[in-house]
Amino acid sequence: MLEILKKSAMEQSRALKNKEVSAVELTKASLERIKSIDEKLGAFNSLTEETALETAKKVDEKIAAGEELPLLAGVPLALKDNMNLIGSKTTASSKILENFVSPYNATATQKLLDNLIPIVGKANLDEFAMGSSNENSAFKKVHNPWNLNKVPGGSSGGSAASVASCEAALALGSDTGGSIRLPASFCGIVGMKPTYGKVSRYGLIAFASSLDQIGPFARTVEDAAALLEVISGYDKHDSTSLKLPVENYRNSLNNDIKGMKIGVVKELVQEGLAEDVQKAIQNAINTYKSLGAEIVEVSLPNLKHSIGIYYILATAECSSNLARFDGVKYGHRTDDAKNLLEMYCKTRAEGFGPEVKRRIMLGTYALSSGYYDAYYKKALQMRKVVTEDFLRVFAQVDALIAPTCPNTAFDLGSKTEDPLAMYLTDIATISANLAGIPAISIPAGFDKDGMPIGLQIMTPQLTEAKLFNLSYKFEQAHDYYKQLANI
Ligand code: GLN
């Protein structure tokens, strides 16, 4: 059964339709694989076996009745453990929500269920999606399937590792500053952050609401495009969700890209890039040239401020969003409090890990009356300036390319003592969140140690079709995506 698990989601879907395998068999195979290898990987916080098999059974009934199947029906998927699925725990990899059971489905989850996609389990993450290495999970670390001593990237490390190791064909993650693209790059798969507002955030545990966006993980561009089609669309439960029709991205994957103008972001290919990553970018430039695209160098002069802006805005928003975890309504409550104030304080002290506490404190500080203008307001203004950089550049080019990260996956433990070094991992990804534009990471080769390298592509808001088109053309020009982690 490993052979079928190694196939892409679309191939698995075809195998189901051709009755080469049943949906129950496929889901069982995925669950078996998780049970046999996940002790080494740590990609899952919990399995949702019953729901998955129930969904798979419905798929088999439809096949038996000769009915048409919805897109990706029967293809096993891992759900990041910060999205609600009724009856399953949604922990956000935090002690404060360790025993929290989802009372309702996130809209993205509901759409998966409507399409009969079996959700096999809840994928590990950095606590409340805060981190770049998945080492901030309160429960366990995730290991990179290509080398178990390395990080998978974060915060959606479990989602990425599960897809890269063929535990599941698909996964959902959330991306606030790079949490889908970075782990996709470190794990050698496709990870995509849609335009802000494309996918409803209802039922996603909020980290920084003006930046958070749910998106797909897959091993091929076509699979990622299909999964975005399933989960996107207007939702009245999310006031920031966009009232636009759901698009079919697969139709334009193979469009000719001759004559398209692609900008190479100067600031992201200069200093500080690992040599092999540099080579991979040059290789990408050559590939696009040979496909007929025109390559120009462009500058995003304010990109250097993006980490500073992000760590004020994201922490400010998280300090507000996480105020609800106070022992009253959700999750953990201390056993040991003499009065209400002590209950709040002890609950939060016991429930949150060190990175989450650091961010709540930073954000509270940035929002406090004496500092609001100096930090929060300034950061908001600078966000606009970064966004304007993109608008100016997109007046000249169709798309931007850059590395997803200046380096490949690093050793577990090597950055945990240095938060700033960890924050810098997101230098190439954060600005897309600030500007609300779609961005993707696709496999673009390997470094000398065999670790995957990710190519990032960014396009203007709501041009996902073009983003997938450019990604698909690159993917098909190489066979990087065919190489799988050997675990
Ligand atoms: N690594 C970034 C952070 O720690 C981004 C996280 C994310 O996108 N959720 O905040």
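Residues numbered from 1 in each chain as written. Predicted model: local features only at pLDDT ≥ 70, side-chain atom pairs only at ≥ 80, totals over all residues. Heavy atoms only, no water.

A. Quick look at the overall build of the protein. In terms of helices and strands, the protein carries 17 helices and eleven strands. Compactness check: the protein gives a C-alpha radius of gyration of 21 Å against a globular reference of 23 Å for 487 residues, within 12% of the reference. For the protein, the spread of C-alpha atoms along the three principal axes comes to 65 × 55 × 45 Å. Accessible surface, the protein: about 18200 Å² in total, of which carbon and sulfur atoms supply 50%. On the protein, the mean spot of the 53 positive side-chain charges and the mean spot of the 56 negative ones are 3 Å from each other. (Helix = DSSP H or I, 4+ residues; strand = E, 2+ residues; numbered from the N terminus. Rg over C-alpha atoms; globule rule 2.2 N^0.38 Å. Areas by Shrake-Rupley, 256 points an atom, 1.4 Å probe, with all protein chains shown as cover. Lys, Arg positive; Asp, Glu negative; His and termini not counted. Charge placed at Lys NZ, Arg CZ, Asp CG, Glu CD.)

B. Layout of the pairing of strand 4 (residues 170-175). By the criterion of burial, strand 4 is predominantly enclosed, with six of the six residues buried. Alternating positions in strand 4 separate into two faces, Leu170, Leu172 and Ser174 on one and Ala171, Gly173 and Asp175 on the other, with burial throughout. Bridge count between strand 2 (residues 77-80) and strand 4: three bridges; the pairing is parallel. Each bridged residue has a counterpart across the sheet, and for Ala78 the counterpart in strand 4 is Ala171. Note that strand 4 and strand 6 (residues 213-218) share six bridges and pair antiparallel. Opposite Ala171, over in strand 6, you have Phe217 as the bridge partner. (Buried < 20%, exposed > 50% of the residue type's maximum accessible area, 1.4 Å probe, protein only. Pairing = 2+ DSSP bridges.)

C. Inspection of the packing of aromatic side chains at higher detail. Counted by the stated rule, this structure contains 17 aromatic pairs. When the ring of Phe100 is compared with that of Tyr330, the centres are 6.1 Å apart and the planes differ by 80°; the resulting orientation is edge-to-face. A residue pair is termed long-range when its members are at least 10 positions apart, and Phe100 in the loop between strand 2 and helix 5 (107-114) and Tyr330 in the loop between helix 11 (306-321) and helix 12 (340-351) qualify at 230 residues. Classification of Tyr330 as partly exposed rests on a relative accessible area of 28%. Ring centres of Tyr371 and Tyr375 lie 6.0 Å apart, and the angle between their planes is 35°; on these two criteria the pair is classed as tilted. (Phe/Tyr/Trp six-rings, centres within 6.5 Å; stacked < 30°, edge-to-face > 60°.)

D. Main features of the pattern of salt bridges. Counted by the stated rule, this structure contains 18 salt bridges. With a closest N to O distance of 3.1 Å, Glu49 and Lys35 form a salt bridge. With Glu49 in helix 4 (residues 49-64) and Lys35 in helix 3 (residues 23-41), the pair connects residues that are 14 residues apart, well separated along the chain. (Salt bridge = Lys/Arg side-chain N within 4 Å of Asp/Glu carboxyl O.)

E. Region of interest: the site of the ligand. The immediate surroundings of the ligand are formed by 15 residues, with Gly177, Ser179, Tyr310, Arg359 and Asp426 found nearest. One nitrogen or oxygen atom from the main chain of Gly131 is found 2.9 Å from an oxygen atom belonging to the ligand. At 3.3 Å, a backbone N or O of Gly178 approaches an oxygen atom of the ligand. Within the complex, the protein chains bury 100% of what would otherwise be the 290 Å² of accessible surface of the ligand. (Near = heavy atom within 4 Å. Polar contact = N/O pair within 3.5 Å; in protein donor to acceptor, adjacent residues only side chain to side chain.)

F. View of the sheet that holds strand 7 (residues 261-265). Strand order across the open sheet formed by eleven strands is 1-3-2-4-6-5-10-11-9-7-8, with mixed pairing between neighbours. What marks the edges here is a single partner per strand, and that holds for strand 1 (44-47) and strand 8 (294-298). With strand direction ignored, the average angle separating the axes of adjacent strands in the sheet is 30°. (Axes fitted to C-alpha atoms, helices over the stretch in contact; angles between N-to-C directions.)

G. Local environment of the pairing of strand 7. Burial runs high along strand 7: four of the five residues are buried. With five bridges joining them, strand 7 and strand 8 adopt parallel strand pairing. Opposite Lys261, over in strand 8, you have Glu294 as the bridge partner. Summarising the sheet, strand 7 and strand 9 (residues 399-403) pair through three bridges and their orientation is parallel. The residue of strand 9 that forms the bridge with Gly263 is Leu400.

H. Representation of helix 6 (residues 157-164). Counted residue by residue, helix 6 has eight buried out of eight residues, so it is predominantly covered. Within the sequence span of helix 6, burial applies to Gly157, Gly158, Ser159, Ala160, Ala161, Ser162, Val163 and Ala164. Two residues or fewer past helix 6, Cys166 is found with a positive phi of approximately 60°.

I. The nonpolar core, seen in detail. Formed by 59 residues in total, the largest nonpolar core has its most connected members in Leu112, Leu172, Ile231, Tyr288, Leu455, Ile457 and Phe468. Counting residues per element, this core draws most heavily on helix 8 (residues 221-231), which supplies eight residues. If you look at the next biggest cluster of nonpolar residues, it comprises 48 residues, including Ile96, Val298, Ile430 and Ile437. (Core = buried A, V, L, I, M, F, W, Y, C linked by side-chain atoms within 4.5 Å.)

J. Local environment of the packing of helix 10 (residues 275-290) against helix 17 (residues 464-476). It is the contact of helix 10 with helix 17, at a shortest axis distance of 10 Å, that shows an interaxial angle of 100°. The angle between helix 10 and helix 17 places the two elements in the roughly perpendicular class. Where helix 10 approaches helix 17, its residues Ala284, Thr287 and Tyr288 are matched on the opposing element by Leu470, Ser471 and Phe474. Classifying every residue of the contact of helix 10 with helix 17 gives four nonpolar, two polar and no charged. (Parallel < 35°, antiparallel > 145°, perpendicular 65-115°, else oblique. Contact = heavy atoms within 4.5 Å. Nonpolar A, V, L, I, M, F, W, Y, C, P; charged D, E, K, R; others polar.)

K. Region of the structure containing the side chain of Lys122. Tracing the sequence through the fold places Lys122 in strand 3 (residues 119-123). Judged by its relative accessible area of 0%, Lys122 is buried. Polar contacts involving the side chain of Lys122 include one to the side chain of Asp81, which spans 3.3 Å.

Remember that the coordinates give geometry; whether it matters functionally is a separate question.
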